[in-house]
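Working through the structure, step by step
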Amino acid sequence: LSFATAITRAPSLTVTGGLRAIDQGAPDPDLFRSHHAMYISALQATGAEVIQLPALENYPDSVFVEDTALCLPEGVIIMRPGAPSRLGEAVEMATILPEYFRQVRYLDAGHAEGGDILVTSREILVGRSGRTDKRGVAALRDIVTEWGYQLRELQTPPGVLHFKTDCGLLDEDTILSTHRLAASGCFSDYNVLLVAEGEEACANAVRFNDVILFPAGFPTTASMLRDHGYTLVEIPNTEAAKIDGGMSCLSLRF
Ligand code: CIR
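Quantities reported herein were computed from a predicted structural model and do not represent experimental measurements. (Residues numbered from 1 in each chain as written. Predicted model: local features only at pLDDT ≥ 70, side-chain atom pairs only at ≥ 80, totals over all residues. Heavy atoms only, no water.)

1. Quick look at the overall build of the chain
- For the chain, the count of helices and strands is six helices and 15 strands.
- What you see for the chain is a C-alpha radius of gyration of 17 Å, in line with the 18 Å of a compact globule of 254 residues.
- Taken along the three principal axes of its C-alpha coordinates, the chain extends 45 × 40 × 35 Å.
- With 254 residues in all, the chain has 55% of them scored as buried.
- Put simply, 67% of the contacts in the chain that link residues at least 6 apart link residues at least 24 apart. (Helix = DSSP H or I, 4+ residues; strand = E, 2+ residues; numbered from the N terminus. Rg over C-alpha atoms; globule rule 2.2 N^0.38 Å. Buried < 20%, exposed > 50% of the residue type's maximum accessible area, 1.4 Å probe, protein only. Contact = heavy atoms within 4.5 Å.)

2. Focus on the pairing of strand β13 (residues 211-215)
- With five of five residues buried, β13 is to be regarded as a mostly interior element.
- Here β13 shows no split at all, with Val211, Leu213 and Pro215 on one side and Ile212 and Phe214 on the other all buried.
- Here three bridges tie strand β12 (residues 206-208) to β13, and the two strands are oriented antiparallel to one another. Note on β13: the bridge partner recorded for phenylalanine 208 is valine 211.
- Between β12 and β13, which pair antiparallel and follow one another directly, the connecting turn spans two residues, one of which, asparagine 209, has a positive phi of 55°.
- Alignment of β13 against strand β14 (residues 232-235), held across four bridges, turns out to be parallel. (Pairing = 2+ DSSP bridges.)

3. Concerning the site of the ligand
- The immediate surroundings of the ligand are formed by 14 residues, with Leu19, Asp61, Arg86, Ile243 and Cys249 found nearest.
- At 2.8 Å, a side-chain N or O of arginine 131 approaches an oxygen atom of the ligand.
- For the ligand, a nitrogen atom lies 2.7 Å from a polar atom in the backbone of isoleucine 243. (Near = heavy atom within 4 Å. Polar contact = N/O pair within 3.5 Å; in protein donor to acceptor, adjacent residues only side chain to side chain.)

Written out as structure tokens, the structure reads:
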């Protein structure tokens, strides 16, 4: 939860063609850029260094850098996104990351995307999804086990893009979750705070140093979190949301 560095990538103009489950219209690239700038400022305000990579026009979804890698203190693991159009994003990121990590490992089988991985203080939770398959989880398990972690394999709820679409870490022991995900019992060892009914889209909040980066427009859940003592920074997320992206997707944190 304590991070010195974040990596972001500017939204491309081609972000209008980003993958989405349901077409609610294309994101506006200019507005996306202004939201993205607020996101970067919020990271910087915590004292972190933010490495801002240039847009990649060949990759409409490349603003969602989280899916390309898993960053741990021992090293970084380059993912193999399950979306064919996103595989090359991981290759691009692999050229940047060796500068920041002692060890660089590659997922060598199956597929996994960072959005399906929640790292807590005691374990690494990985949800199988349309993007992360059994072989990918097994390959990831081999690497993180070598580094001393416990990996627990779970199932992302049907129809949900990523495991973390429906949850986020608030502190060492506390997870913000949708009801549909928590109902599976997967967080029974944690404190769980549920997002308000109808506000499911804010579950993908992310703890970064002393603040929770939280999408604007979910007032019931926001005030519940403030009542629990969390400091929220609300960032407009309307454009990313049109292509199924949220707060965690927009950065790699280490
Ligand atoms: C995709 O479908 O891959 C992108 N449009 C959204 C990725 C969101 N990433 C994330 O939740 N980690």
